Amino acid sequence: MSEQIANDKLVPVKDLLNKKFLIPSYQRGYRWTCRQVNDLLDDILEFSKNNVDSYYCLQPLIVKEIENGEYQGFWEVIDGQQRLTTIHIIFSYLSFKEKLPVCIDLENFEIRYETREQQGHSSAVFLKEINEKSKPESENNVDFLHMFYAYNTIEKWCEIYEINVGDLLNNVKFIWYDVNKEEDSHEVFARFNMGKIQLTNAELIKALFLQQKNFGDHAETIRRKQLEIAMEWDTIELSLQDDDFWYFLNKKKCETPTIIEFIFDLISKKQEKSDKDHSFRYFYGELKAKNGIQLSKDLHEEWMKVKNYHLVFREWFEDDELYQMVGFLIAAKKCEISDLKIEYETKSKVDFKTDLKEKIKNTLELSKPKSDFIDGLSYDKNKELIKNILLWFNIKHTSLQYENNKIYRFPFGYYNRENISWSLEHIHAQNSEELKTKKEWERWFKDHHGVLKELQEKTNLQSEIDKKEVDKIIHELSNFYDDENEKLNGISELKDEQEISRDIIDQYSKIKDMVFSLFDKCFHHNLHGIGNLALLDSRSNTKLSNSIFIVKRQNIIDIDKAGSRIFVPPCTRYVFMKYFTKYPSQFYYWGKNDADDYIKAIKVTLEASLLADEGKNK
């Protein structure tokens, strides 16, 4: 039997260092962020500075002694595990740095996460050896990774500040609460956390699923069933944490601490975003009044619903055709994932795919077995439709890429992120946006001066480009731009982002107008038609929008070479490489043949992927 401590007693941290704790399977894993760790350290530091015969109180530590079984002698932590684990990590750091008094022995201070122990990862060993762990070693599971980050945060904090070890041992205290041995820990957990439902909605549902009374009277059966659900829960949670999977299903990032709550919200048909506890109330209502065999049966059915949702979504994700169609409809905001799940349950897989194809055709306004209508689309009138056509075009072309017998897939994990918005970029640029800062103008003159000098030196210049006009522009440009030092006249004293005067902007704009006029004569096509539009994220669009084709092309190449995390859709990259042009004769401008061949490629893709069957039936 462990040393007893009276309930509601303020227990100094040093009194916990000879105890072993178990974080049971119904609890969430360790999830404290660097900010929360810093906040705790800052609070303790502030307390130490102002400590006058006082103490710093941590939240209650609600525990229950385990009297038999594998964990006999351990204290089951019902609440308070995040702070307790962080305290353990702080002591691991202090021990490694030899900052603890000689009388303090951490050998018996142990924390085990039950689910992790069952998966072959010893959390107790990891916490004791955390100072030796690398990030790759910590990526075995999400708990260890958060612990690793917490240790690094403590290490960095201690490079600036010093922990008063005496205060930490004696004057930092938990409120100790040992629950009655006859009480069900899961029910205590749910009851105690009712006031925290906004933060722990999913954990409360987990506690409902793992109550002892759900599984009969046999202790080993109870434990086995609890661990089974806990590990399946972890599998679903980790799966949804994969950005590629999450953003295939969603346009927004998850706003809840536990991502599995997304599935609970779908099952409970949550409507109001402000109704934080809707899902918990749904499952509580389904299970609260049940007992015995009926409770076990209903519990099994409710948990199978959760697993079924996850399995269906994984099936869609792993089926290349469903991945493309479902992903497109979610990205284009034409369907809700909950509605698609309901449809899937009532149809065969073949019929479901047929219906998805019809939805895509309706989204792209493909009412006829021909795609000629896209010739008449314009940026001003059909912006959203063109974006969706180009999105589908990119999705289908990504799947045509192979490497080592592996099909590439359009990365919805990049495309659907909330911090990225998508727009249409004019391939042959329209001279529309005004440059205002020193940095913007210096970049523009540097990029375009280099291209014009290259054109000037060409002996076999394309007939569409007037060589005399090139010479004239370079002559005018040299009055404003110091090529050797890459500096602009009249603004050398300004900071990069500082706006320049209206008079200088007007002078520079005349040169800019001359450059655009030179290349406008080469473009004999609809400036705002789909043949002159490509899909690009708004950040890249801002950088490219005031540049001629050849400069945009080089910028796209630079982004590719840099291995940047900026995602350039494949067909946008192909456009600037003139991949769709049958016989490209030059790469300085986007001409009529380029635009015509690009439109033809879009039509072929639409007809092959969405209209082929109709064409055969006609």
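On a predicted model such as this, the values are computed, not experimentally measured, just so you know.

Draft legend 1. Just the overall build of the chain, in detail. What the chain contains, in helices and strands, is 26 helices and twelve strands. Going through the 618 residues of the chain one by one, you find that 51% of them count as buried. Relative to all contacts within the chain whose residues are 6 or more apart in sequence, the contacts with residues 24 or more apart total 74%. Accessible surface, the chain as shown: approximately 30,200 Å² in total, 46% of it carbon and sulfur.

Draft legend 2. Just the layout of surface pockets, in detail. Quantified by volume, the largest pocket comes out at close to 1,300 Å³. For the largest pocket, the lining is made up of 36 residues, of which N250, F262, D265, K270 and E336 are closest to its centre. Per-element tally for the lining of the largest pocket: the top contributor is helix α16 (residues 337-346), with six residues.

Draft legend 3. Just the nonpolar core, in detail. Ranked by internal contacts, the top residues of the largest apolar core, which has 104 residues, are F313, W316 and Y598. Among residues more than four places away in sequence, those in contact with F313 are F245, F248, L249, F262, L266, I337 and K341. Core analysis: the next-biggest nonpolar cluster, separate from the first, contains 50 residues, Y30, I89, L94 and F174 among them.

Draft legend 4. How the structure looks around a negative patch on the surface. A cluster of acidic residues, D39, D42, D43 and E46, forms a negative patch at the surface. The topology assignment puts D42 in helix α1 (residues 34-50).

Draft legend 5. Seen up close, the confidence of the model for the chain. Residues at a pLDDT of 70 or more form 88% of the chain, whose mean pLDDT is 84. No element of the chain has a lower mean pLDDT than strand β7 (residues 402-403), at 53, and none a higher one than helix α15 (residues 320-331), at 96.

Draft legend 6. Structural view of the pattern of salt bridges. By the definition in use, this model includes 28 salt bridges. With a shortest N-O distance of 3.7 Å, K133 and E129 are connected by a salt bridge. For the salt bridge of D596 with K592, the shortest nitrogen-to-oxygen distance reads 2.7 Å. Of this pair, D596 and K592 both sit in helix α26 (residues 592-617), four residues apart, which is roughly one turn of that helix. A relative accessible area of 41% places K592 in the partly exposed class. Salt bridges sharing common partners tie together E315, D319, E321, K349 and K353.

Draft legend 7. Expanded view of empty space enclosed by the protein. In this structure the tally under the stated criterion is three cavities of 30 Å³ or more. Roughly 160 Å³ of volume is contained in the largest cavity. What lines the largest cavity is a set of 18 residues, and nearest its centre among them are Q27, R28, G29, R31 and D234. Here the residues of the lining of the largest cavity are counted per class, giving five nonpolar, four polar and nine charged.

Draft legend 8. Here's a closer look at the environment of G531. Along the polypeptide, G531 turns up in the loop between α22 (502-520) and β12 (533-537). G531 sits in the buried class, given a relative accessible area of 1%. Sequence spacing of G531 and W590 is 59 residues, and the spatial spacing of their C-alpha atoms is 9.9 Å. Residue contacts for G531: discarding those within four places in its chain leaves I427, W590, A595, Y598 and I599.

Draft legend 9. Up close: α16. Considered for burial, the residues of α16 that qualify are I337, L340, K341, E343 and Y344. Along the axis of α16, the buried positions cluster into a sector of 165°, meaning they face one direction only. Every exposed residue of α16 that faces more than 90 degrees away from the buried side is listed here: E345 and T346.

Draft legend 10. Quick peek at the pairing of strand β9 (residues 422-426). The buried fraction of β9 amounts to four of the five residues, a majority that puts the element mostly inside the structure. Of the strand pairs in this sheet, β9 and β12 are connected by five bridges, and their pairing is antiparallel. Across the sheet, residue E425 finds its bridge partner in β12, namely A534.

Draft legend 11. Main features of the sheet that holds strand β4 (residues 75-79). Read from one edge to the other, the open sheet built from six strands follows the order β1-β6-β3-β4-β2-β5, with strand pairing classed as mixed. A strand with exactly one partner marks an edge of an open sheet, and here the two such strands are β1 (9-12) and β5 (110-113). Strand after strand, the sheet turns through a mean of 40° between neighbouring axes, direction not considered. Inspection of the sheet shows strand β2 (residues 20-23) paired to β5 by four bridges, in the parallel sense. Residue pairing for β5: K20 is matched across the bridge by E110. Taken strand by strand, helix α2 (residues 81-96) contacts β2, β3 (56-65), β4, β5 and β6 (172-178), and its axis lies near 130° from that of β5.

Draft legend 12. Layout of the packing of α2 against helix α6 (residues 142-158). At a minimum axis distance of 10 Å, the contact between α2 and α6 shows a crossing angle of 55°. One finds that α2 runs oblique with respect to α6. Helix-helix and strand crossings are classified by hand; for α2 and α6 the assignment is right-handed. For the pair formed by α2 and α6, the contact residues are T85, T86, I89, I90, S92, Y93 and F96 on the first element and M147, A150, Y151, I154, E155 and C158 on the second. Of the residues in the contact of α2 with α6, the class split is nine nonpolar, three polar and one charged.

Draft legend 13. Representation of the packing of α15 against helix α17 (residues 349-363) in the model. Interhelical geometry of α15 versus α17 gives an angle of 40° and a closest axis separation of 10 Å. Considered as vectors, α15 and α17 are oriented oblique to each other. Of the two elements, α15 crosses α17, and the hand of that crossing is left-handed. Contact with α15, carried on its side by E321, L322, M325, V326, F328 and L329, involves K349, F352, K353, L356, K357, K359, I360 and T363 of α17 and no other residues of that element. Grouping the constituent residues of the contact of α15 with α17 by class yields eight nonpolar, one polar and five charged.

How each quantity is defined
Residues numbered from 1 in each chain as written. Predicted model: local features only at pLDDT ≥ 70, side-chain atom pairs only at ≥ 80, totals over all residues. Heavy atoms only, no water. Helix = DSSP H or I, 4+ residues; strand = E, 2+ residues; numbered from the N terminus. Buried < 20%, exposed > 50% of the residue type's maximum accessible area, 1.4 Å probe, protein only. Contact = heavy atoms within 4.5 Å. Areas by Shrake-Rupley, 256 points an atom, 1.4 Å probe, with all protein chains shown as cover. 1 Å grid on protein atoms, 1.4 Å probe; cavity = no way out; pocket = protein on both sides within 12 Å on 5 of 7 lines; lining within 4 Å. Points joined across faces, edges and corners; volume = space filled by probe spheres on them. Core = buried A, V, L, I, M, F, W, Y, C linked by side-chain atoms within 4.5 Å. Patch = residues over 30% accessible without salt bridge, like charges linked within 9 Å, V, L, I, M, F, W, Y side chains within 5 Å. Salt bridge = Lys/Arg side-chain N within 4 Å of Asp/Glu carboxyl O. Lys, Arg positive; Asp, Glu negative; His and termini not counted. Charge placed at Lys NZ, Arg CZ, Asp CG, Glu CD. pLDDT = per-residue confidence, 0-100. Nonpolar A, V, L, I, M, F, W, Y, C, P; charged D, E, K, R; others polar. Arc of directions from axis to C-beta. Pairing = 2+ DSSP bridges. Axes fitted to C-alpha atoms, helices over the stretch in contact; angles between N-to-C directions. Parallel < 35°, antiparallel > 145°, perpendicular 65-115°, else oblique. Left-handed = near helix turned anticlockwise from the far one by under 90°.

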